[in-house]
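# Structural description and commentary
Chain residues, written in single-letter form:
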Amino acid sequence: MTCQLCKQREATVHLTQIIENEMKKVDICDQCAKEKQLHDPTTFSLADLLLGLGSGKETEKAKDEGGEGDIKCPNCGFSQADFKKSARLGCSECYEVFAESLAGMLKGMHKGTQHRGKVPPKLRRGLETGAQLARLEKQLKEAIAAENFEAAAHLRDEIRAAKAAA
Amino acid sequence: MSVLDFLISPAEACARSGPNDKIVLSSRVRLARNLRTVPFPTHAKKADRVRAYETLVPAVRSLAMMGDDAFADSMEKLTALEKQVLVERHLISREHAAKGAGSGLVLNREESLSVMVNEEDHLRMQSLRPGMQLRQSWLALDAVDSALQEQVEFAFTPQYGYLTACPTNLGTGIRVSAMLHLPGLVLGEQINQIIQAVNKLGLAVRGLYGEGTEALGNIFQVSNQMTLGEAESDIVERLDKVLKQIIENEENARIGLLEKKPKVLFNHIGRAFGVLSNAHTISSKETMNLLSLLRLGVDLGMLPASRKGLVDELFLVSQPAHLQLAHPAKEKLGADERDLFRADQLRTRLAALEKPDHTKVVLPPAKA
């Protein structure tokens, strides 16, 4: 078995944790274990490591771009290290900045990664008005093309009313 | 005005009733929300937290459903004791009790709606009702949330839903939970099976004061874990279904105990009464476990049904902050002094209580 982190050396450290009835296993080599400071089981949670695994790419990317090896949210200054330490985010924009690390994390955490619940009422009304307007305008074009001017006038009034209500 | 003058008395609070409240003590729904333009409270600078506070407290207070006599104040203005009383009433979280300047609380007259400002998120809003009322709690809180969104803009993306400081609350930001009294399942040694089955459905089982607390007094809190990828109503319905199942299991466990080990059960309840009404020093843990048995005695008919309120009240007033409040001394009581005073209170209040009478037990029909 090869190490999941460096993918080169033989894995000699095998960790298992049960989080919310789900068993998670990690197999890594001695050297990577030392680097990640995994020898003291009391200070370590597999979630942190899994989080670390997901963020590897971003850290590398940041290094390639000549960064400090730690990406930061330009809006609030929250860093990848802060995220790993606290498992919290700094502001709403962090969700954009740390999207890559989050994607994997959310999969194991939730039922899905697409929101299916309540939408802000204003946004919902906007979406509804938008859809309604598009439908009315299509009908208006059709009515004009068919030279049905009575229907067209009626539709024009409806569009006006919908725009005023939005 | 002190929040203590605002709060409903323990007797009045415990006199409230709701559907299935023999087993379901209370139903609670909470929503986590954040302002779009301000960093989350856990990371925000003081000026940002103050900005969120000054935007949100007046906005929440102005909502029609909060009434025109709501309590609203900064956590800084509350004493440690007042905060602890609020925790014992389940009106704020233990985390919020540790907050000071820049954090706040808005509470309606009935204490059915409680809004924490700058807890882990800018808003943690909860709707709390007696008995099994998950749906009603959700609808009430949904209305509060919608009304608030006419005034302020929350952080939201179409993919991730409502954004929260901790990704575990992302999406709906909803936590639906019920407080269950399950002495039958504990005495019948079936509780672990139930907890495991409930866990498998993605629901969490916790103790009296939430995460990381012990299940004292045979009280368990069941709640959803996942908040993203599912609609609020589906989460509420699923929990509702599971609760109905647990209620049935608890009822059957009680019947099973009455049929198979009536003497063991009567012995537990009789001794609980004996100790509670005669002890001169008693710990909080022992009190809760014995009061749980007394409550079971009421449910089974061994004590008059009208005594349920008293038992629930004793449960509340024997908590540390409530004891301190009732004690004439201003100085903080030590654990030993509290145990003495708790026993005094219990002896006095239980002096008028009838003895548990096992001949009055009526066996309810078993459900399939």
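Residues numbered from 1 in each chain as written. Chains lettered and ligands numbered in written order. Predicted model: local features only at pLDDT ≥ 70, side-chain atom pairs only at ≥ 80, totals over all residues. Heavy atoms only, no water.

## Regarding the overall build of chain B
Convention followed: Labels follow the DSSP assignment, with helices taken as runs of H or I lasting at least four residues and strands as runs of E lasting at least two, numbered in each case from the N terminus. Using a 1.4 Å probe on the protein chains alone, a residue whose accessible area is under 20% of its type maximum counts as buried, one over 50% counts as exposed, and one in between counts as partly exposed. Contacts are assigned to residue pairs with any non-hydrogen atoms lying within 4.5 Å of each other. In this count, Lys and Arg are taken as positive residues and Asp and Glu as negative ones, while His and the chain termini are left out. Charge positions come from single atoms, namely NZ of Lys, CZ of Arg, CG of Asp or CD of Glu.
Scanning chain B from N- to C-terminus turns up 14 helices and 10 strands. Principal-axis analysis of the C-alpha atoms places the extent of chain B at approximately 65 × 50 × 30 Å. Of all 368 residues assigned to chain B, the portion counted as buried reaches 56%. The long-range share in chain B, meaning contacts at least 24 apart out of those at least 6 apart in sequence, stands at 72%. For chain B, the separation between the mean place of its 44 positive charges and that of its 44 negative charges on side chains is 3 Å.

## Side note on the domain arrangement of chain B
Residue and element names in this part refer to chain B. Quick reminder of the rule: Domain ranges listed in this record stem from an automatic or a database domain assignment. By definition, the buried area sums, over both parts, the 1.4 Å-probe accessible area that each loses when the two are put together. For this document, the term salt bridge refers to a Lys or Arg side-chain nitrogen within 4 Å of an Asp or Glu carboxyl oxygen. Side-chain classes are defined by residue name, with Ala, Val, Leu, Ile, Met, Phe, Trp, Tyr, Cys and Pro counting as nonpolar, Asp, Glu, Lys and Arg as charged, and the others, Gly among them, as polar.
Here chain B is described as being made up of domain 1 (3-254) and domain 2 (261-360). Here domain 1 and domain 2 have C-alpha centroids that lie 27 Å from each other. Across the boundary between the two partners, domain 1 contributes 23 residues, which contact 23 residues of domain 2. Here domain 1 meets domain 2 over a buried area of about 2100 Å², counting both sides, of which 67% is carbon and sulfur. If you sort the residues of domain 1 by the area they bury against domain 2, Cys14, Glu88 and Leu187 come out on top, with a joint share of 27%. Linking domain 1 to domain 2 there are 2 salt bridges. Put simply, aspartate 21 and lysine 308 hold a salt bridge, and the shortest N to O gap is 3.7 Å. Elements that contribute at least two residues to the side of domain 1 that touches domain 2 include exactly α2 (10-14), α4 (80-88) and α7 (183-187). The greatest single-element share of the side of domain 1 that touches domain 2, amounting to 4 residues, is contributed by α4. The residue makeup of the side of domain 1 that touches domain 2, split by class, is 13 nonpolar, 4 polar and 6 charged.

## Brief notes about the interface of chain B and chain A
What counts, and what does not: Under the rule applied, a polar contact is a pair of N or O atoms within 3.5 Å (in protein, one hydrogen donor and one hydrogen acceptor; residues adjacent in sequence only if both atoms are side-chain atoms).
Contact residues are listed per partner, giving 39 residues for chain B and 33 residues for chain A. Salt-bridge contacts for arginine 88 of chain A lead to glutamate 120 of chain B; the nearest nitrogen and oxygen are separated by 2.9 Å. Between chain B and chain A we count 21 residue pairs in polar contact (both at pLDDT 80 or more) in total. Breaking the side of chain B that touches chain A down by element, the ones donating at least two residues are α6 (134-148), β7 (161-162) and α8 (191-200) of chain B. Looking at the side of chain B that touches chain A residue by residue, the classes come out as 15 nonpolar, 15 polar and 9 charged.

## Details of the packing of aromatic side chains
All names here are of chain B. How we decide: We call Phe, Tyr and Trp rings a pair once their centres come within 6.5 Å, taking the six-membered ring for Trp, and we label the pair stacked below 30 degrees between planes, edge-to-face above 60, and tilted otherwise. Charge-over-ring contacts are defined here by two conditions on Lys NZ or Arg CZ: a distance within 6 Å of the ring centre and an angle within 35 degrees of the ring normal.
Summed over the entire model, instances satisfying the criterion amount to 4 aromatic pairs over all chains. For the ring pair phenylalanine 156 and tyrosine 162, a centre distance of 5.0 Å and an interplane angle of 65° mean the geometry is edge-to-face. Residue tyrosine 162 is classed as buried on the basis of its relative accessible area, which comes to 0%. The aromatic ring of tyrosine 162 is capped on one face by arginine 33, whose charged end is 3.5 Å from the ring centroid. Against the face of phenylalanine 6 rests arginine 109, its NZ or CZ located 4.1 Å from the ring centre.

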